[in-house]
2 protein chains.
Amino acid sequence: MHAPPAPSPDFAAELLRGHLANDEQGLVQIEIAADRVLAETGLRFESDPETLDLWRERGATVKDERVTLDGAWLRQVIRATAPRRITLRGRNPARDTILGDGHAPVFTPIYGAPNVLDHAGRRSLGSRAHYRRAMEIAHASSAISNTGQMICVMDDVPEARRPLEIALMHLSLSDKPFMGSIASPGDVEAVIDAAVAAIGRPPCPGEAELLHLVNATPPLVYKENPLKCLRTIAWRGQASLVTSYMMMGATSPVTIAGSLIQGYAEVLAGMALAQLWRPGAPVVMGLYAIPFGMRSMVPCYGDPASHLIQQYATQLARRLGVPVRGEGGVTSSKLDDGQAGLESALTLSASISSGADFILHGAGWLEQGRCLSLGKLRREAARIAETCGFDMQDCSPPLPLDPAFEQDLRARIAAI
Amino acid sequence: MHAPPAPSPDFAAELLRGHLANDEQGLVQIEIAADRVLAETGLRFESDPETLDLWRERGATVKDERVTLDGAWLRQVIRATAPRRITLRGRNPARDTILGDGHAPVFTPIYGAPNVLDHAGRRSLGSRAHYRRAMEIAHASSAISNTGQMICVMDDVPEARRPLEIALMHLSLSDKPFMGSIASPGDVEAVIDAAVAAIGRPPCPGEAELLHLVNATPPLVYKENPLKCLRTIAWRGQASLVTSYMMMGATSPVTIAGSLIQGYAEVLAGMALAQLWRPGAPVVMGLYAIPFGMRSMVPCYGDPASHLIQQYATQLARRLGVPVRGEGGVTSSKLDDGQAGLESALTLSASISSGADFILHGAGWLEQGRCLSLGKLRREAARIAETCGFDMQDCSPPLPLDPAFEQDLRARIAAI
């Protein structure tokens, strides 16, 4: 376990007891400080002239790729059109989930693991077979109400085919909502096309087939691909989870307040951008930071600093009127041992108690996210089901996917 | 893992988010319902005529051993004289701890384990050598600010000698505050005598050398020994942790509300009794309940039902103006594995976030409390230190115990 610099006992006790999270004055101070960052330093929007043109049109100051922005105006833009609640649609309408408005949180499996630890204790690169196994666990779990995206990398599938292969896995092995691809704008489109066709319901404001993880690149940068994906997602009326995921001391200030300020500036710009591309585009706010171990060069998961970031993030999102992401069972441990259980549970319970709406990496995470553990996925999913009282939800097999659709999708993948 | 009957998702989400814990109306309803239990059913005070005489003198109706009581009067008795904050004294005054008034929580090791799992993975009956090892870990940890009591049973010490042997361990291997014996009223006295002499400071209201765990026996009973111990402790001006520890569905109603009502009735009577024996006697309230697995016949630790009990218990104690106990790293697991980490962390974080003042079983607990794990004790103590920011507290070796005192105490033990 790693020991970041610790605050004084009384300060920590205050924080742990959540007193500061209800402190409106503190929240306003974060907003004001973020506004100053946006106005004085600004954000860099890399290699995407269309985004720069849009900011320019709306009166922002653009210098090379750096844009200085008016935070109060960004909040106004978001509050004016971003939906307070978002319905994510599954192939089975009975499994639609609602984010926001006090609904129970939605949980997903780990997202993005290159490696898999299987039930026999073997650790290897992720494969199609692993993905199938993870999908079966995720679908069968009453806790996992969104099967997520890229639960592991499928190393035995050519890279260009993976986005649609993943979509096919989620569509054929489950009828729950899942998340979209962000591999490229073209992949965003292809997966949206597949999901919209398979789910087969007319568009409706505040409803979306897919939620997409769109990441800022702290400090204060958006890269080309996320910018282009965000625009495509918004244009298609789909949902974005606009996230700043910071390493405190590495990609953001080492302090809680400093990271909150930077992260809030980042996600504010991203969510407003989605509204400017398409007013009413569903957005979920993600703001998370983890103390970074300077000796071990790994993030220190389960640290109370992160819990505080989460508490504040949830409050900041509530003030904007958008649903908010929570962090799930994250840990630095390489095995599903006591450390893994403790770090994961501390993080998860901070997210749930903060009131987060969409819990990413809800189950199955090991090794700073570099490994999907099938055993931990199953164990944590079972525990979340108990803890959140999801036990009575329907776990029956998925509605069958239309064979003609499936055949067509397989043919399209084979042609890539 | 065990699956108790689950509430509906929205209900659970509400509960997990703590909305109900701030519900004053709900708290008043619990008080009113407990008053009805006290007035209509009453409590049984077994085999202790002095307690029955006291209740009778104070106007309560005593029939055989059953006493019906006026809850509003009991609250009045407690509010009138029980201290809002309690200073627990160590041999080293710099290590005194304060319970209540918003101070950081105090953590103890597990209390009462008959077995020990050592660093080599061997599980055996507890011994003097194990106790010494546990004390060294507890003293060296900045998180464990109270070294507790009976961290494990010393099976290689004759039973009659154990209370003073334990006191000697705590006094010689640490200079932090610890807890008193409740083996018998005579042992209470003997350990108080030893602690008062070793700590060597004049009595002071609201300060105590020892905190003693005094348990009700749910449902609605106090047994002879705890009643006699409670009286001795109060007369000596020492502190009592008056606790109702319920198994929901076995020793208390299966519902959260029902268990809160029963447990509150029990601890209210116990804490008032302490005040009646000696106004101003320091009392800490403990009210905890765990869903009992009817198939496995073990309690289901880490369940959100228990978190809610804890949240309400803390609020009920705040309304009385007394410090409150929180539950520590408790689990049903037999190994320090993922399940142990998860259940322990969930329980601990619910206690801390509720605002509990004194966390019993803070570290080292396995197997429903039947086993002290030295590895888990060390790991959890390290984690609590990080989590609560205790890292900078002094961990230097204890002040030496006066050799003449130690020799005398050893002689007294040898004479038992």
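The rules behind these values
- Residues numbered from 1 in each chain as written.
- Chains lettered and ligands numbered in written order.
- Predicted model: local features only at pLDDT ≥ 70, side-chain atom pairs only at ≥ 80, totals over all residues.
- Heavy atoms only, no water.
- Helix = DSSP H or I, 4+ residues; strand = E, 2+ residues; numbered from the N terminus.
- Rg over C-alpha atoms; globule rule 2.2 N^0.38 Å.
- Buried < 20%, exposed > 50% of the residue type's maximum accessible area, 1.4 Å probe, protein only.
- Contact = heavy atoms within 4.5 Å.
- Pairing = 2+ DSSP bridges.
- Axes fitted to C-alpha atoms, helices over the stretch in contact; angles between N-to-C directions.
- Salt bridge = Lys/Arg side-chain N within 4 Å of Asp/Glu carboxyl O.
- Arc of directions from axis to C-beta.
- Polar contact = N/O pair within 3.5 Å; in protein donor to acceptor, adjacent residues only side chain to side chain.
- Phe/Tyr/Trp six-rings, centres within 6.5 Å; stacked < 30°, edge-to-face > 60°.
- Lys NZ or Arg CZ within 6 Å of the ring centre and 35° of its normal.
- Core = buried A, V, L, I, M, F, W, Y, C linked by side-chain atoms within 4.5 Å.
- Parallel < 35°, antiparallel > 145°, perpendicular 65-115°, else oblique.
- Left-handed = near helix turned anticlockwise from the far one by under 90°.
- Nonpolar A, V, L, I, M, F, W, Y, C, P; charged D, E, K, R; others polar.
- Expected span 1.5 Å × (residues − 1).
- Disulfide = S-S within 2.5 Å.
- Right-handed = clockwise from strand over helix to strand, strands pointing away.
- pLDDT = per-residue confidence, 0-100.

Participant: With reference to specific residues and values, describe the overall build of chain A.
Facilitator: Counting its regular elements, chain A contains 13 helices and 18 strands. For chain A, the C-alpha radius of gyration of 20 Å lies close to 22 Å, the compact-globule estimate for 416 residues. A total of 416 residues make up chain A; the buried ones form 63% of that total. Of all intrachain contacts in chain A linking residues separated by at least 6 positions in sequence, the fraction that spans at least 24 positions is 74%.

Participant: I'd like to hear about the sheet that holds strand E12 (residues 221–222) of chain A, residue by residue, with values.
Facilitator: Note on sheets: strands pair through backbone hydrogen bonds, and any given pair is parallel or antiparallel. Residue and element names in this part refer to chain A. Strand order in the open sheet made by the 4 strands is E2-E3-E1-E12, with mixed pairing throughout. The strands lining the two open edges of the sheet, one partner per strand, are strand E2 (61–63) and E12. Here strand E1 (residues 43–45) pairs with strand E3 (residues 66–68) via 2 bridges, running antiparallel. Residue pairing across strands places Arg44 opposite Arg66, the latter belonging to E3. Contacts from helix H2 (residues 24–41) reach E1 and E3 within the one sheet, and its direction differs from that of E3 by about 130 degrees.

Participant: Run through the pattern of salt bridges, naming residues and quoting values.
Facilitator: All names here are of chain A. Inspection of the entire model under this criterion finds 58 salt bridges over all chains. Between Glu31 and Arg319 there is a salt bridge whose closest N-O contact spans 2.8 Å. On the criterion of sequence distance, the pair formed by Glu31 in helix H2 and Arg319 in helix H10 (residues 304–320) is long-range, its members being 288 residues apart.

Participant: An account of the sheet that holds strand E3 (residues 66–68) of chain B is needed here, citing residue identities and associated values.
Facilitator: All names here are of chain B. Spatially, 4 strands are ordered E2-E3-E1-E12 in an open sheet, and the strand pairing comes out mixed. Each edge of the open sheet is held by one strand with a lone partner, namely strand E2 (61–63) and strand E12 (221–222). With 3 bridges connecting them, E2 and E3 associate as antiparallel partners. Within E3, the residue paired with Val62 across the bridge is Val67. On the sheet, helix H9 (residues 256–277) packs against strand E1 (43–45) and E12 and is oriented at approximately 45 degrees with respect to E1.

Participant: Account for helix H4 (residues 71–81) of chain A, with residues named and values stated.
Facilitator: Residues and elements named next belong to chain A. The set of residues buried in H4 consists of Gly71, Leu74, Arg75, Val77 and Ile78. Down the axis of H4, the smallest arc covering the buried residues is 160 degrees, so these residues share one side. Opposite the packed face of H4, turned more than 90 degrees from it, sit the exposed residues Gln76 and Ala80. Taken together, the buried residues of H4 touch H2, helix H3 (49–57), helix H9 (256–277) and H10. The opening residue of H4, the one whose side-chain oxygen lies 3.0 Å from the backbone nitrogen of Ala72, is Asp70.

Participant: Please give an account of the packing of aromatic side chains that cites residues and values.
Facilitator: In this structure the tally under the stated criterion is 12 aromatic pairs over all chains. Taking 5.5 Å as the distance between ring centres and 50 degrees as the angle between the ring planes, the aromatic pair formed by Phe45 of chain A and Trp55 of chain A counts as tilted. One end of the pair, Phe45 of chain A, is in strand E1; the other, Trp55 of chain A, is in helix H3, with 10 residues separating them in the sequence. In this pair, the class of Phe45 of chain A matches that of Trp55 of chain A, namely buried. Note on Tyr301 of chain A and Trp365 of chain A: the rings are 5.4 Å apart at their centroids and 75 degrees apart in plane angle, and the pair reads as edge-to-face. Of this pair, Tyr301 of chain A sits in the loop between strand E14 (283–291) and H10 while Trp365 of chain A sits in strand E17 (residues 365–366), and the two are 64 residues apart along the sequence. Through successive ring pairs, a cluster of aromatic residues spans Phe45, Trp55, Trp73 and Tyr222 of chain A. For Arg231 of chain A, the ring lying beneath its charged end belongs to Trp277 of chain A, and the centroid distance is 4.9 Å. It is Arg231 of chain B that lies over the ring of Trp235 of chain B; its NZ or CZ is 5.9 Å from the centre.

Participant: Describe the nonpolar core, naming the residues involved and giving the relevant values.
Facilitator: With 114 residues, the main nonpolar core has Phe45, Trp55, Met285 and Leu372 of chain B as its most contacted residues. With 113 residues, the next largest nonpolar core counts Val67, Leu74, Ala143 and Ala265 of chain A among its residues.

Participant: Lay out the pairing of strand E11 (residues 210–215) of chain B with the relevant residues and their values.
Facilitator: All names here are of chain B. Counting buried residues in E11 gives 5 out of 6 residues, a clear majority hidden from the surface. As paired strands, E11 and strand E13 (residues 239–248) are joined by 5 bridges and run parallel to one another. By the bridge assignment for E13, His212 is matched with Ser240.

Participant: If you had to explain unusual backbone geometry to someone new, which residues and values would you point to?
Facilitator: Residue and element names in this part refer to chain A. Cis geometry is adopted by the peptide bond preceding Pro219, which originates at Pro218 and carries an omega value of 0 degrees. Position of Pro219 relative to the elements: it lies in the loop between strand E11 (210–215) and E12. Backbone geometry at Asp101 places phi at a positive 60 degrees, although glycine is not the residue there. Secondary-structure assignment places Asp101 in the loop between strand E5 (97–99) and strand E6 (106–109). Of note, Gln368 is a non-glycine position whose phi angle comes to about 55 degrees, a positive value. With respect to the element layout, Gln368 can be found in the loop between E17 and strand E18 (371–373). Given a relative accessible area of 14%, Gln368 falls into the buried group.

Participant: Lay out the packing of H2 of chain A against H4 of chain A in plain terms, naming residues and giving numbers.
Facilitator: Residue and element names in this part refer to chain A. At a closest axis distance of 8 Å, the pairing of H2 and H4 adopts a crossing angle of 110 degrees. The pairing of H2 with H4 is recorded here as roughly perpendicular in orientation. Of the residues in H4, those in contact with Glu31, Asp35 and Leu38 of H2 are Gly71, Ala72, Leu74, Arg75 and Arg79.

Participant: An account of the packing of H9 of chain B against helix H10 (residues 304–320) of chain B is needed here, citing residue identities and associated values.
Facilitator: Residue and element names in this part refer to chain B. Between H9 and H10, the shortest axis-to-axis distance is 10 Å and the interhelical angle comes to 40 degrees. Like other packed secondary-structure pairs, H9 and H10 cross with a definite hand, here right-handed. On the side of H9, the interface is formed by Ile256, Ser259, Leu260, Tyr264, Leu268 and Met271, while H10 contributes Ala305, Leu308, Ile309, Tyr312, Ala313, Leu316 and Leu320. Looking at side-chain class alone, the contact of H9 with H10 contains 12 nonpolar, 1 polar and no charged residues.

Participant: Tell me about the side chain of Ser306 of chain A, and name the residues and values.
Facilitator: The residue Ser306 of chain A is located in helix H10 in this model. Apart from residues lying up to four places away in sequence, Ser306 of chain A is in contact with Tyr288, Ala289, Ile290 and Pro291 of chain A.

Participant: So what about helix H11 (residues 338–354) of chain A? Which residues, and what values?
Facilitator: Between its terminal C-alpha atoms H11 of chain A stretches 24 Å, which fits the 24 Å expected from 17 residues at 1.5 Å a residue. A positive phi of about 95 degrees marks Gly355 of chain A, the residue just after H11 of chain A.

Participant: An account of the state of the cysteines is requested, with residue identities and associated values reported.
Facilitator: Inspection of the entire model under this criterion finds 0 disulfides over all chains. No disulfide involves Cys152 of chain A; its sulfur sits 9.6 Å from the nearest other cysteine sulfur, which is in Cys371 of chain A.

Participant: Quick rundown of the environment of Ala340 of chain B? Include the residues and the values.
Facilitator: You can see Ala340 of chain B is positioned in helix H11 (residues 338–354). Not counting chain neighbours up to four residues away, the residues in contact with Ala340 of chain B comprise Thr331, Ser333, Leu335, Leu366 and Lys376 of chain B.

Participant: How would you explain the pairing of E14 of chain A if you had to name every residue and give the values?
Facilitator: Residues and elements named next belong to chain A. Burial within E14 is extensive, with 9 of its 9 residues counted as buried. Taking every second residue as pointing to the same face, both faces of E14 are buried, with Val283, Met285, Leu287, Ala289 and Pro291 on one and Val284, Gly286, Tyr288 and Ile290 on the other. One ladder, built from 9 bridges, connects strand E13 (residues 239–248) with E14; its direction is parallel. Residue pairing in the sheet places Val242 in a bridge with Met285 of E14. In this view, the connection linking E13 to its parallel neighbour E14 by way of H9 has right-handed handedness.

Participant: For the confidence of the model for chain A, give the residues involved together with the corresponding values.
Facilitator: For chain A, mean pLDDT is 92; residues scoring 70 or higher make up 94% of the total. If you check the scores for this complex, the pTM reads 0.86 and the ipTM reads 0.79.

Participant: Describe the environment of Val330 of chain B, with residues and values.
Facilitator: All names here are of chain B. Among the structural elements, Val330 can be located in the loop between strand E15 (325–327) and H11. Measuring from C-alpha to C-alpha, the distance between Val330 and Met169 comes to 24 Å, with 161 residues separating the pair along the chain. Ignoring anything within four residues of it in the chain, the contact list for Val330 reads Tyr301, Glu343, Ser344, Thr347, His361 and Trp365.

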